[in-house]
Amino acid sequence: NLTSFPLPGLMTKADRVNFEKTMLKAFDVLKADPKYGGTVYSLTPDAAWREVTGEYKNPNLMSDAKYKELVKAHVMFKDMDADPYLKSAGIASDWPCGRGCYRSADGGFIIWFGEEDQLRI
């Protein structure tokens, strides 16, 4: 249930990272299903992950090169912090914490988390 989280414009860094962590449970179900499989790609830096979750490392943190590859392939969204409209609405706050995507093994199914919508399928 995601009703405990505010909309992106009002989320704190802790909200964003906890939202991501909550979604990992759903992504684990998809990854375990042979019809989907796949990978979670996270932008949340290890330091922010540790600060909020108490866990030393973000298990899904992607490299900068992987991020650029996914943006170029239109799988991942661009740097929201560069958009003055998203910044003024508070949607880009705490970039890149709590942002990322799940991508099915065949690449045909993508879920963005932490973008303008909490989730975009």
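Reading guide: rules and limits
Sequence positions are assigned chain by chain, starting from 1 and proceeding in written order. Side-chain atom pairs in this predicted model are given and counted only at pLDDT of 80 or more, local residue features only at pLDDT of at least 70, and totals for whole chains, interfaces and linings cover all residues. As a rule here, side-chain values come from all non-hydrogen atoms in the structure, and water together with hydrogens is ignored. Here a salt bridge means any side-chain nitrogen of Lys or Arg lying within 4 Å of a carboxyl oxygen belonging to Asp or Glu. Helix and strand labels come from DSSP, where a helix needs a run of H or I of at least four residues and a strand needs a run of E of at least two; each type is numbered from the N terminus. Burial classes follow relative accessibility: with a 1.4 Å probe on protein chains only, a residue under 20% of its type's maximum area counts as buried, one over 50% as exposed, and anything between as partly exposed. Lines fitted to the C-alpha atoms define the axes, with helices restricted to the stretch that makes contact. Angles between their N-to-C directions range from 0 to 180 degrees. Roughly parallel covers angles under 35 degrees, roughly antiparallel covers those over 145, roughly perpendicular covers 65 to 115, and oblique covers all other angles. Only heavy atoms matter for contacts: two residues are in contact if any of them lie within 4.5 Å across the pair. Under this grouping Gly is polar, as are all residues other than the nonpolar Ala, Val, Leu, Ile, Met, Phe, Trp, Tyr, Cys and Pro and the charged Asp, Glu, Lys and Arg. What counts as a disulfide here is a pair of cysteine sulfur atoms lying within 2.5 Å. Definition of nonpolar core: a set of buried residues of the types Ala, Val, Leu, Ile, Met, Phe, Trp, Tyr and Cys, connected through side-chain atoms within 4.5 Å.

**Concerning the pattern of salt bridges**
- According to the stated counting rule, one finds nine salt bridges in the structure shown.
- A salt bridge links lysine 68 to aspartate 64; the nearest nitrogen and oxygen atoms lie 3.0 Å apart. One end of the pair is lysine 68 and the other is aspartate 64, both in helix α3 (residues 64-72) and four residues apart, which spans about a single turn.
- Between aspartate 81 and lysine 87 there is a salt bridge, with the nearest N and O atoms lying 3.8 Å from each other.
- The class of aspartate 81 is partly exposed, set by a relative accessible area of 33%.

**A closer look at the packing of helix α1 (residues 13-32) against helix α2 (residues 46-53)**
- Relative to each other, α1 and α2 sit at 90°, their axes nearing to 10 Å. Comparing the axis directions of α1 and α2 gives the class roughly perpendicular. Residue-level inspection shows Lys13, Ala14, Val17, Asn18, Glu20, Lys21 and Leu24 of α1 in contact with α2, the latter providing Ala48, Trp49, Glu51, Val52 and Thr53.
- Partitioned by chemical class, the residues of the contact of α1 with α2 number six nonpolar, two polar and four charged.

**Section: the state of the cysteines**
- Applying the stated criterion across every chain yields a total of zero disulfides.
- The closest cysteine sulfur to the non-disulfide-bonded cysteine 97 is located on cysteine 101, 16 Å from its own sulfur.
- Given the relative accessible area of 6%, cysteine 97 is considered buried.
- Classification of cysteine 101 as buried rests on a relative accessible area of 0%.

**Some remarks on unusual backbone geometry**
- Residue proline 96 is bonded to the preceding tryptophan 95 through a cis peptide linkage, with omega at 5°.
- Looking at where proline 96 falls in the secondary structure, it is placed in the loop between α4 (84-88) and β2 (100-103).

**Some thoughts on the nonpolar core**
- Membership of the largest hydrophobic core comes to 16 residues, with the highest contact counts inside it found for Met62, Tyr67, Met76 and Met80.
- Ranked by residue count, the leading element in this core is α3, at three residues.
- Contacts of tyrosine 67, omitting those with residues within four sequence positions, involve Leu43, Met62, Met76, Phe77, Lys78, Asp79 and Trp95.
- Residues Phe5, Val17, Val40 and Cys97 belong to the second largest nonpolar core, which totals 15 residues.

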